[in-house]
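# Observations on the three-dimensional arrangement
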Amino acid sequence: MMIRSFVALILLCLGWATNVCAATMELREANITTFVSGVVTQTTSSLPYSWDHVHRGKSGTATFDIFFSLPNAEADQAFDGSAERYAVYFRRLGTAYEVFLNGNLLERNGDLNVFNGADFGMVPRVMTLPFKLLKKDNQFHIRIRADAGRRAGVPSLLIGPDREIQAIYKSEYWSRVTGSEVVMILSLLVGTVALALWFTQTDPAQPRLLSRDDLYLFAGLAELCWSLRVGAVLIEQPPLPWFIWGPLNVVALGGWVCFMVAFCCATAGWMQHRLVAGFIRGIWVILGMG
């Protein structure tokens, strides 16, 4: 009886989800024109379009023309003003971008001509589609600047009633942005407390400057590195030039790994072992070389 009730509940939830998203369309085809190292290429491709996968190690710009038609019922309601407001959702877009609907600018972020600058492609985007701009047959014209190594590109587009699109957007935003904020704040807090403990807790039997417990030091530095790595998604305009900021984020991840390894060895009481001591010195050398 319980199994039947559970199966019925799952089917009910699936039916509700299907009804909620019944009016949502996903656009997966685009006419693409890319500009890379002075070479212009035109093609038709499916979305999502991952720039780093197609143009390995190269920066450039691209335009995407995406066509869609409103179903007859939705089109009639849109034109007489009785339909629910529509919106479009992008999981990520850019590095920098401009989005046009039927020749009208919807949103612009960043400069398409300045490479290795601000990165607006790390968070999801949602844009309202005014009814006065919609037609029976419509066209999105998207321009992007794509910096190499920064996960630029254009995803498949989700279009539908604003209520449905906002629900998808808020869920994604919470997991990618709000979740990152929470993790970053907790990591900063734990890292600061750990470093404070390392600085203040000394061994009275060895009153030297460095007679502190390295366990707190490793934990504090690991958490600070992790907060920088996770929090990078929240910084659209880096405080440093990209040739410094990009590698710094990669080194932060490497630092987190190395400090966590040292923390685990210190917790297990292995730091005095000759092989472990050599291993720890080796990861510091590898981190420094990186």
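First, a word on scope: everything that follows refers to the structure included in this document.

Basis of the calculations
Residues numbered from 1 in each chain as written. Predicted model: local features only at pLDDT ≥ 70, side-chain atom pairs only at ≥ 80, totals over all residues. Heavy atoms only, no water. Buried < 20%, exposed > 50% of the residue type's maximum accessible area, 1.4 Å probe, protein only. Helix = DSSP H or I, 4+ residues; strand = E, 2+ residues; numbered from the N terminus. Pairing = 2+ DSSP bridges. Axes fitted to C-alpha atoms, helices over the stretch in contact; angles between N-to-C directions. Salt bridge = Lys/Arg side-chain N within 4 Å of Asp/Glu carboxyl O.

### Notes on the pairing of strand β6 (residues 86-90)
Counting buried positions along β6 yields five of five residues, so the element is predominantly enclosed. What you see with β6 is no split at all: Tyr 86, Val 88 and Phe 90 on one side and Ala 87 and Tyr 89 on the other are buried throughout. Strand direction decides the pairing type here: β6 and strand β9 (residues 125-129), joined by five bridges, are antiparallel. Each bridged residue has a counterpart across the sheet, and for Ala 87 the counterpart in β9 is Thr 128. Alignment of β6 against strand β12 (residues 157-161), held across four bridges, turns out to be antiparallel. Bridging across to β12, Tyr 86 finds its partner in Pro 161.

### Remarks on the sheet that holds β6
Within the open sheet, the four strands sit side by side as β1-β12-β6-β9. Their pairing is antiparallel. This sheet does not close on itself; its edge strands, each paired only once, are β1 (25-27) and β9. Strand after strand, the sheet turns through a mean of 25 degrees between neighbouring axes, direction not considered. Sheet topology places β1 next to β12; three bridges connect them, and they run antiparallel. Along β12, the bridge assignment pairs Leu 27 with Leu 157.

### Comments concerning the sheet that holds strand β8 (residues 104-109)
Strand order in the open sheet made by the six strands is β3-β2-β5-β10-β7-β8, with antiparallel pairing throughout. Strand pairing shows two members of the sheet lacking a second neighbour, β3 (39-46) and β8, which therefore form its edges. Each strand axis lies, on average, 15 degrees off the axis of its neighbour in the sheet, ignoring direction. Two strands pair when backbone bridges link them, and strand β7 (residues 96-101) and strand β10 (residues 137-146) are joined in this way by six bridges, in the antiparallel orientation. Looking at the pairing, Leu 101 lines up with Phe 140 of β10.

### As for the pattern of salt bridges
Where charged atoms from two side chains of opposite charge approach closely, those side chains can pair. Tallied over the entire structure, the rule returns 10 salt bridges. Here Arg 125 and Glu 236 are joined by a salt bridge, their closest N and O atoms 2.8 Å apart. A residue pair is termed long-range when its members are at least 10 positions apart, and Arg 125 in strand β9 and Glu 236 in the loop between α5 (214-231) and α6 (242-268) qualify at 111 residues. On the basis of relative accessibility, which here comes to 12%, the residue Arg 125 falls in the buried class. The exposure class of Glu 236 is partly exposed, given its relative accessible area of 26%. Taken together, the salt bridges that share partners define one network made up of Asp 119, Arg 145, Asp 147 and Arg 150.

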